[in-house]
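# What the coordinates show
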Amino acid sequence: MKRLNSITHHYKRFLSGICAAAIMVSCTSDFDEINTNPAALSQLDASQLPFLFSKALSSGTNSQWNYQVSQNLFSDQYAQYFACTASSFGSDRLVINQNWVGAAFNPIYTDVVPQLQTIFEETDPASPEYAIANIWWVFAFHRVTDYWGPIPYSQAGVSGETVPYDAQPAIYDDFFKRLAAADATLKATSATSAYGSYDLIYHGDISKWIKFGNTLRLRLAMRISNVDANRAKTEAEAAVAAGVFTASPDDDALVDRSVNGGDGNGLSIMQWNEFRMTASMESVLKGYNDPRMAEYYMPTKASSDANKEDPANPLEWHGVRNGLTASQMNIASNLPNNNSQQGPRWTPSSLGLAGGVSNPLTTRQNVMATAEAYFLRAEGALKGWNMGGGTAKQYYEDGIKNSFLQWGVGDAAAYTQGTSLPVAPGDALNSPPMTNIPVQWGASQAVQEEQIATQKWIALFPDGYEGWADYRRSHKVKLYPPANSDNPLITDPSTQWLRRIPFLVSETQTNGPAVEAAKSLLGGPDNTQTPLWWDTN
Amino acid sequence: MKKCLPKLIVLLLLCSASAMAQTVTGRVTSGDDGSPLPGVSVIVKSSTIGTTTDAAGRYSINVPDGNAVLVVSFIGFATQEITVGTQTTIDVSLNEDATQLSEVVVTALGVPREAKTLVYATQSVKASELTELRDPNNVLNSLQGKVANVQVNQGSGGPGSGARIVLRGNRSIQGSNNALIVIDGVPINNSTRSIPGSDFGGIQSSDGASNVNPDDIESITVLRGPSAAALYGSQAGNGVLVISTKKGTKDNKVTVNFNSGVTAEKAFQVPDVQNTYGQGIDGALSTTVGDSWGARMDGQSYTNHLGESASYSSQSNNIKDFFRTGVSVNNSIGLQGGGEKVQTYLGYTNNVVKGIVPNNDMVRHNITLRMSSQISKKISTDAKVTYIHQEITGRPRTGEENSPAMDMYQTPRSISLETVKKYSTMNDVGLAIPTAWPATLSSIYQNPYWMIHKTTLDEDRDRLIGFLTATYQINDWLGVTGRANLDKTMDQTRNSNSVGTILWASQPGGYFQKINGDITQQWYDAAIHGDKKLSEDFRLNFRAGGIFQDIYMESDVATANGLNVNNMFALNFATAPSVQTSITQVRTQSVFATASLGWKEALFLEGSFRNEWASTLPSPYDFPYYSIGVSGILSDLFTLPSAISFLKLNANYAEVGNGGQPQLRFQTYQYQQGAGNGFISRSPTQAIPGLKPEVVSSFELGLDARFLEGRLGMTATYYKSNSENQLLQISQPVATGFSTKYVNAGNIQNQGIELILNATPVTNGDFNWDLAFNFGLNRNKVIELLPNNPDQIFYLGGTNARSAVPIIKTGGSYGEMLSYKWQRDENGNYVVNPTSGLPIGTTDLQSVGNFNPKALLGLSNTFTYKGFSLRLLVDGRVGGVIVDGTEMNLAFNGITKATEAHREDGWSLGGVDSEGNPVDVTINAQDFWSAGQSSVSGKRYGVGEFFTYDATNFRVRELSVGYKIPVPSNFFIKSARFSVVARNLAWLYRGSSILDIPGLGTRKLQIDPDMSLGNGNYQGVQYGSLPSTRSIGCNLSLTF
């Protein structure tokens, strides 16, 4: 009996052990909470939507590293605002590194589209917040489509195994519709402010967004002027009538940057010896004795050092040709120290050059400026469009004046009447002057067109996206051909130039059928030489 | 009565102690290496008198008289009989006896089991092999070559670097492939905070294993298959290293072990560089470039880049001299003592390591207290606390991004180390700024001494591990054990970059980052366990219970990109500090049961089952897994030829699961500091609400045989494992708004064989020769990844192939290396540019091999003669490739040895154009290595095939010579042993480059494939990694 008791006793212990274990494991009620990251948000409420808009603005304009690989290494070189002085980057010799250029594509879809779509879903379509988000949607996407042509657009942000590409005419059509609708909504609202301090461009000022939207509409209208002249005229006239940028610097769009969020000014990270002023810019800015040169570029390190030792030594600015080979880069006059890097507002004073600011990462980044609106109107006026009643000459000179205001270089009156011509940059390749036109308004339409394009090209700095797009569209600025091409499709850079970025390899891997279908929308092979829809040159 | 007999014997044994007169004491040691043998049975022949030795190998026994004969026996060793006579101290040295095979191994949950009863493969490593020579970087590195099918890769981060230890091949694509490390029954936190994931490089930080103190280790067992460790579930799919640590002793005496060692190490293999041509380009001296395509160095006088007059002459040793002689000093003292009731172990270890990169040092203190108590007849406890404090300063970065090694390699061949050391100058406001530096790429590379002196990467770690175990012995066969184990790691990393540091200090004042990271692991388990003889023939050993595990990780990354006061590296000087916090928690709860049924101590059936609830999974959160196995000792069951002294067969099957990663089931939004009020953005990775557990199923068949009375032993194992339902992060069209998503998919198979041979060719009294050979081969096959997209490639690291990138894809095998190759036409001719005569690279990435070895081999010979012992370990690998990104980068600038040829004469590669027409154009070395965008080197982005090597290599891994210094029996020192050990002594064989370039030929491997950029899955490429080291050290071990 005792033995039996002992056994029962043992089994009781055994059972209680199992029970203890069972009790221990049954506590799964807080498992979802354990699996939730307390340092992240699981759900958003209305008060958090403005943060999404901040993100869309910040990412839609590219900052820091993204700026370099999306813009600097591509369109900034193709617009000839900068030339590459690091031999291991081939993109200045017209070879597209697909790993880098994805930075102009991917963040728009992952960091702009989801944010804007959430705003579209959660706000009243009649609200100014909705309208401004719509304007920003167009801004973000026009840069993407102007790199690649057909892009995923109408189905962007929709889940699926593939996301189809849209043809560029359809995308532009949607751009115009969105901008027109946004203008109407913003004019109808009684509110004066939207997004407040979360609006990193205008800090909530709706009236500025109205001008921004219409200036963008004017830009896009001009873009299609060679391929759909009627629509271009209609949209351009409507945009001007609705009110575009008129006064720099008040109207100019610049986006706030910060030092602590990885969202610093993109141009400010170019202090590595990789990019320098171009010979094109040197030829024109020096020829015109243009005061913007000292804003756009720094004096060379060599002259800066010499000047420090003896102030009698003058500060000098120099540029190099695009597309140099490694051997050419090693020629003394092409070395980084003997050429000018990006200007003082993007250069830390600690670098020891003559000039700079204490914290260039926080320099507001240029998005779109008033000068461009005037140059667009000048070109429109030349085409006979109703651009508000002024003459092409007026708008041309207003463009220059506003650019001077934008960069704070004083009165442009004398400059606009300048008769000096671009000079030979005195570079290692003995380049001739870039062109032979003065600033002063010319007599022939051909000269006037080139003048508008050239001054617009200068004024657009440092917006390589727009600079390259406008170069492809108008082909009126007589940029130097790149010194060398490693691109097998460009055997003669004096007659050929890059037309587009080929579809991303990453897209063919993840969105293959859509890319395959998109090739038929191109009107040519999927390479760098097939012009976009609006490019008739 | 029969059942009472064992009790009676125990009782008699216990009582007998006080009744006898003459006391004999002594110490039992291993004849192999002189280490003390605990648990040895010492009995008086033909009596019931007996005892066992304590942890220090000591025993004390009372014998009736001088005629008594002591029988000293221990499983795995030959029994000795000694007549007492007049001796009062009898020290015994036991020799291993392979015929017995009653070795005890510590298995899952820390349970000791007799090896012969196991149904799965195990292999043990002697603790002395880890303590004789400490690898200053990580104790795991010392396992290389010693265990079949175990591959160890050293992380390239200097002392304390995380290591990668892979058993039986890689199976996880995005998770870890590292073996689980279990100490005293509980898996340790073996995470690595920072792992370089591409050839751009990064920071390889410490793992958890690098904190393991070899001096505390009593035994280490490798369980290669998951079956052995099914109870650990999730993490056990990669195999387990089971480590048991030292305990106190029961003999009422205090034993003091003192161990002191010093090791010196030098760079073993540095890049092969040319010493003929100096700084310059196009064959001419130039000080404005970093290239070494200059003139012949004939000692010309010239003005160098600093404006100093210098001699343009060869600096053939500047790389070797840059690395200093690393020195590591290790001192440890361990006290063991106690009596029947309480046993105590106290240990203190101090490591001071000077790495081979200047300013890279490590200091580590480790204190351990362990107390084991027999509180009552039925209750026993065991408790231990370990505290580790580790400081690493000046950890070198690895890879291309400003690693001091890469920066040094870039130095033009004519610049002396003395010149390089002039790295800094004062500017006009008294701030130290970098001097001019002829970098080959001024945005990335700078003076290595600037990196060493003006930037810091310091890591402090405090780690506290404690456990408490209590066992209640219900009766003689049934007990209950509960255990609580806490493991807290507190890391602080400080990274500072002075004003002027390229790449890192872009803002005024400099850059400072401080990371505080804490990991807390809680583990509680309770089990009822028993070992019961059910009948004459049947015996049941079982254990059932529950486990609770919770891992909480929190880190705060505080960054000051810009400091208001120059080079003041503390957060209060920050211009605008930003903080990123991340918090992750995983909790698992499980119930388990395992049982082994033995028949006649010769046939065993074993099974285990575990049901796990994991917080990472969707409700109801749980999944089951199990293992089952059988083993039979054929030599006991049947009469075999006398040459076969032991023969065992075993087979097992296991399915273990892994609950996946935390925080993947819900879509989240991140807040990020920035302009305005900061940003909120949606995670670009789509959540996976229906996350499923991963499953590794494995089958293993083993044969264990001993011949010729154990003089020859052999273990052979075949295994196959399939890893399914892996959690894969796959790219999706970014236009969906998500760049990636998770799926559960795939079937990755590993199968292979392992062969272990042990032989004692010679044994006669004083002289003994033991030979141990291990061989492992693994074949990996990716049976399926994504059923609807068989072409999908998974990158095992960065997708941006600078030199090469490891991938897996359906139908291939894990670790295929993709890179650009030299184009061939359909006839296999090399395609060259008809105008320039230079190679044309492929436009797409193609396979150049696989980073995994086809086979791993190790052979160790141990000779003992009286007090002397000599051990020689030779090991190697066959097959696999490694891509030398360092060489690729350096070749662009004319630095590597291969760029020396044909600079002045030129040669033709031959080859054909794209139409197949023969081409004959004369090129020179500079054209070949560095002309054009798609040139051979390409510098940072090149044609990797030219730099791909067969990684096959054999080397003298370890040579140790030991001497057991004789000490008088009544001396205060009880035993003394001195050993000298050397590692990485010499290459026996090195593979060559896979391309035989016309006119240039092949090149021998000039990196050590054991090194890796990091301990993650990004393997097969070296790029600016630290060199491996050759070391020699001596060690003195004293016992008091």
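The structure reproduced in this document is the subject of the present report. Worth saying up front: this structure is predicted, and the values here are computed from it rather than measured.

### Description of the sheet that holds strand β45 (residues 816-819) of chain B
Residue and element names in this part refer to chain B. On the basis of which strands lie adjacent, the open sheet formed by four strands has the order β43-β44-β45-β46 and antiparallel pairing. Edge positions in the open sheet fall to β43 (793-795) and β46 (846-850), since each of these has one partner strand only. Between one strand and the next, the sheet's axes are offset by a mean angle of 45°, whatever the strand orientation. Here strand β44 (residues 805-809) pairs with β45 via three bridges, running antiparallel. Each bridged residue has a counterpart across the sheet, and for Ile 807 the counterpart in β45 is Glu 816.

### Things to note about the packing of helix α10 (residues 206-223) of chain A against helix α20 (residues 464-474) of chain A
Residue and element names in this part refer to chain A. Where α10 contacts α20, the two axes come as close as 10 Å, and the packing angle between them is 35°. On the side of α10, the interface is formed by Arg 219, Met 222 and Arg 223, while α20 contributes Glu 466, Ala 469, Asp 470 and Arg 473. Of the residues that constitute the contact of α10 with α20, the class distribution is two nonpolar, no polar and five charged.

### Considerations on the nonpolar core
As a rule of thumb, nonpolar side chains are buried together in soluble globular proteins. Within the largest apolar cluster, 232 residues are counted, with the highest numbers of intra-cluster contacts made by A:Trp136, A:Trp148, A:Trp209 and A:Phe212. By residue number, the principal contributor to this core is helix α8 (residues 128-148) of chain A, which donates 13 residues. Ignoring any residue separated from it by four or fewer positions in sequence, one finds A:Trp209 in contact with A:Phe53, A:Leu57, A:Ile132, A:Ile135, A:Trp136, A:Leu186, A:Asp199, A:Ile201 and A:Tyr202. Core analysis: the second largest hydrophobic core is formed by 23 residues, B:Ala127, B:Leu130, B:Ile181 and B:Ile217 among them.

### With respect to the interface of chain A and chain B
Between chain A and chain B, the residue contacts involve 82 residues of the former and 84 residues of the latter. Note on chain A versus chain B: buried area summed over both sides is about 6700 Å², and carbon and sulfur give 58% of it. Among the residues of chain A in contact with chain B, A:Phe31, A:Ile34 and A:Asn35 are the three that bury the most area, contributing 10% of the side total. Remark: the boundary between chain A and chain B carries three salt bridges. Among the ionic pairs, A:Asp32 bridges to B:Arg665, the shortest N-O distance being 2.6 Å. On the surface where chain A and chain B come into contact, there are 11 residue pairs in polar contact (both at pLDDT 80 or more). Here the element with the most residues in the side of chain A that touches chain B is helix α1 (residues 2-25) of chain A; it accounts for six residues. Grouping the constituent residues of the side of chain A that touches chain B by class yields 33 nonpolar, 36 polar and 13 charged.

### What about the side chain of B:Thr440?
Residues and elements named next belong to chain B. For Thr 440, the position within the fold is in the loop between β27 (432-434) and α6 (448-454). A relative accessible area of 11% places Thr 440 in the buried class. Within the structure, the side chain of Thr 440 is placed 2.6 Å from the side chain of Gln 410, a separation counted as a polar contact. In contact with Thr 440, not counting residues within four places along its chain, are Gly 290, Asp 291, Gln 410, Tyr 445, Asn 893 and Lys 939.

### Considerations on the pairing of strand β42 (residues 767-784) of chain B
Residues and elements named next belong to chain B. Sheet topology note: the strand β41 (residues 740-764)/β42 ladder contains 16 bridges and is antiparallel. The residue bridging Leu 755 from the neighbouring strand is Phe 775, located in β42. In this structure, the hairpin formed by β41 and β42 is closed by a connection of two residues, where Gly 765 is found at a positive phi of approximately 60°. In this structure, β42 lies alongside strand β47 (residues 855-865), joined through 11 bridges in antiparallel fashion. Paired with Leu 771 across the bridge in β47 is Asn 861.

Calculation criteria
- Residues numbered from 1 in each chain as written.
- Chains lettered and ligands numbered in written order.
- Predicted model: local features only at pLDDT ≥ 70, side-chain atom pairs only at ≥ 80, totals over all residues.
- Heavy atoms only, no water.
- Pairing = 2+ DSSP bridges.
- Helix = DSSP H or I, 4+ residues; strand = E, 2+ residues; numbered from the N terminus.
- Axes fitted to C-alpha atoms, helices over the stretch in contact; angles between N-to-C directions.
- Contact = heavy atoms within 4.5 Å.
- Nonpolar A, V, L, I, M, F, W, Y, C, P; charged D, E, K, R; others polar.
- Core = buried A, V, L, I, M, F, W, Y, C linked by side-chain atoms within 4.5 Å.
- Buried < 20%, exposed > 50% of the residue type's maximum accessible area, 1.4 Å probe, protein only.
- Buried area = accessible area lost by both parts, 1.4 Å probe.
- Salt bridge = Lys/Arg side-chain N within 4 Å of Asp/Glu carboxyl O.
- Polar contact = N/O pair within 3.5 Å; in protein donor to acceptor, adjacent residues only side chain to side chain.

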